[in-house]
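Chain by chain, the residues:
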2 protein chains.
Amino acid sequence: MHWSHEVVSDGVRERRFELARGPGPVPGLLWTPTGAEGPRPLVLIGHGASGSKRDDYVVALARRLVRHHGYAAAAIDGPVHGERVPDAEQVPGLAFLRFSQRWAMDPAMTDEAVADWRGVIDQLQCEGDVGAGPVGFWGLSMGTILGLPLVAADRRVTAAVLGLMGLTGPTRERIVADAPQVRCPVLFLMQWEDELFPRETAFELFAALGSVDKRLHANVGRHGAVPVEELDASERFFHHALSASREG
Amino acid sequence: MHWSHEVVSDGVRERRFELARGPGPVPGLLWTPTGAEGPRPLVLIGHGASGSKRDDYVVALARRLVRHHGYAAAAIDGPVHGERVPDAEQVPGLAFLRFSQRWAMDPAMTDEAVADWRGVIDQLQCEGDVGAGPVGFWGLSMGTILGLPLVAADRRVTAAVLGLMGLTGPTRERIVADAPQVRCPVLFLMQWEDELFPRETAFELFAALGSVDKRLHANVGRHGAVPVEELDASERFFHHALSASREG
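Described below are features of the structure shown in this document.

Conventions used here
Residues numbered from 1 in each chain as written. Chains lettered and ligands numbered in written order. Predicted model: local features only at pLDDT ≥ 70, side-chain atom pairs only at ≥ 80, totals over all residues. Heavy atoms only, no water. Phe/Tyr/Trp six-rings, centres within 6.5 Å; stacked < 30°, edge-to-face > 60°. Lys NZ or Arg CZ within 6 Å of the ring centre and 35° of its normal. Buried < 20%, exposed > 50% of the residue type's maximum accessible area, 1.4 Å probe, protein only. Helix = DSSP H or I, 4+ residues; strand = E, 2+ residues; numbered from the N terminus. Contact = heavy atoms within 4.5 Å. Buried area = accessible area lost by both parts, 1.4 Å probe. Salt bridge = Lys/Arg side-chain N within 4 Å of Asp/Glu carboxyl O. Patch = residues over 30% accessible without salt bridge, like charges linked within 9 Å, V, L, I, M, F, W, Y side chains within 5 Å. Areas by Shrake-Rupley, 256 points an atom, 1.4 Å probe, with all protein chains shown as cover. Pairing = 2+ DSSP bridges. Right-handed = clockwise from strand over helix to strand, strands pointing away.

According to the stated counting rule, one finds 21 aromatic pairs over all chains in the structure shown. Connected via pairs of aromatic rings, a cluster forms that spans Phe188, Trp192, Phe203 and Phe206 of chain A together with Phe188, Trp192, Phe203 and Phe206 of chain B. Above the plane of the ring of Phe206 of chain A lies Lys214 of chain A, whose end atom (NZ or CZ) is 4.9 Å from the centre.

Our next topic: helix 6 (residues 199-208) of chain A. Residues Thr201, Ala202, Phe203, Leu205 and Phe206 of chain A constitute the buried set of helix 6 of chain A. Where helix 6 of chain A is buried, its residues contact helix 4 (142-153), helix 5 (172-178), strand 8 (186-191) and strand 9 (214-219) of chain A together with helix 6 (199-208) of chain B.

As a measure of interface size, the accessible area lost when the parts come together is often cited. If you look at the interface, chain A gives 14 residues, while chain B gives 14 residues. In this assembly, chain A packs against chain B so that about 1400 Å² is buried in total across both faces, 58% of it on carbon and sulfur atoms. Broken down residue by residue, the surface that chain A buries against chain B is led by Trp192, Arg215 and Val220 of chain A, which jointly contribute 33%. Counting every contact that joins chain A to chain B gives two salt bridges.

Bringing the pattern of salt bridges into the picture now. Residues and elements named next belong to chain A. Throughout the structure, instances matching the rule amount to 48 salt bridges over all chains. Residues Arg15 and Asp129 are paired through a salt bridge, measuring 2.6 Å at the closest nitrogen-oxygen approach. Of this pair, Arg15 sits in strand 2 (residues 12-19) while Asp129 sits in the loop between helix 3 (108-124) and strand 6 (135-139), and the two are 114 residues apart along the sequence. Across the pair, exposure class does not vary: Arg15 and Asp129 are buried alike. Close ionic contact of Asp232 with Arg64 constitutes a salt bridge, the shortest N to O distance being 2.9 Å. Highlighted residues: Asp232 in helix 7 (residues 229-247) and Arg64 in helix 1 (residues 56-69), separated in sequence by 168 residues.

Our next topic: a nonpolar patch on the surface. Taken together, the side chains of Val91, Leu94 and Leu97 of chain A define a hydrophobic patch exposed on the protein surface, amounting to about 230 Å² of accessible area. Checked against the element boundaries, Val91 of chain A lands in the loop between strand 5 (72-76) and helix 2 (94-105).

What follows is about the pairing of strand 9 (residues 214-219) of chain B. Most of strand 9 of chain B sits inside the fold, with six of its six residues counted as buried. Taken together, the five bridges between strand 9 of chain A and strand 9 of chain B define a ladder with antiparallel strand orientation. If you follow Ala218 of chain A over to strand 9 of chain B, its bridge partner there is Leu216 of chain B. Summarising the sheet, strand 8 (residues 186-191) of chain B and strand 9 of chain B pair through six bridges and their orientation is parallel. Directly across from Leu187 of chain B, in strand 9 of chain B, lies its bridge partner Arg215 of chain B. As a crossover connection, the stretch from strand 8 of chain B through helix 6 of chain B into strand 9 of chain B is right-handed.

So, in structure tokens, the structure goes:
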């Protein structure tokens, strides 16, 4: 684990890290309350396709969780995204295509992404201001494609916000197998006019989740039109679920 | 309008009223902040089949809206419910059957219920501590069967929580006609394992609502298992929607 670029603003400390991994380093960001000590809940945030760990909503959610709840939050660049792509290949519009190709052609991508996140949890929980507290996961669309298998595989994750995805696409069988293994409380988000994942496939995915404690929020509009009220809902959901698992 | 039985507790004033109507008086309850003066949002609460204006969740929601937001709230006994049924006919278990029969046999019931609510709005807005503020409606199941047509018909209602209902049942055609006339912000609640209104019919009803600003929350469990977090969500929804319409 290599640390660099520390910035502090409005009570939030942001540290860039690189997790050393066989296939190449995984760049990420950790946000914690300034001056914090001791264990606290950690929320992992997986960005969507064509985004990065620096997407506006990623940073906004992370800073809310730190400032409103005293949590730690972390994001990494997904496969073939952000700093994991050479500058020369950073062509606008190509990121989505690049991911789609990889999704279709490389089933190992999911396992690698799960290993990335598990390595991140291992390392971040060694930090004095993170510690071995409860872990939450938040990721929509590609964030769910790669994050649902993490939630299914790692019992340290005790609350998850998933969605903008359905039982469809190249890794459908993998998701069909993993969804019943998700057992933690889930908030599932979907868009009523989602042009990428038809409504019925989203319902199927929600129904397939193994969690007893789950709820679905549907909003009007296309794939990218998730309203800000769902960031509020995410925040409340984590507060409730991670505080409960902290006490229980 | 006849007033009786005033009780005050924990900052909430509760007054029983009877609205004079041709078919017979409509008994109701009005909750307001003690010592309140001047106009404020009014939320109408329609109970479900076999319940009454005194159902626990009705009173709980009303008191929250009064105490947390300074609103007024009102509930009435629905047709063939509560005080509108003679004591001799108050047989446990029969209320639901009685409503189902009426729903199947008497299409005028909907219009009468709409007229009841409109009369309640007319009269309550003459009270000094209610006034002509924005109006919200909250009603699930029978509360939606009878309340959706009110929301469709009366533009004074500027926010509605509806649900536990689908495009099915004896008044399906009426609801099909009215749903597109609902234009205000809506929070629609449904239960994933609803044994009375199949999931698909609830999706159809949500889709049919004319509102641009609408969202659907689905929770796990049968018809009666709406979790208390949706009372929280209702409260936030009204606060947002009725405060916005108050300012705009």
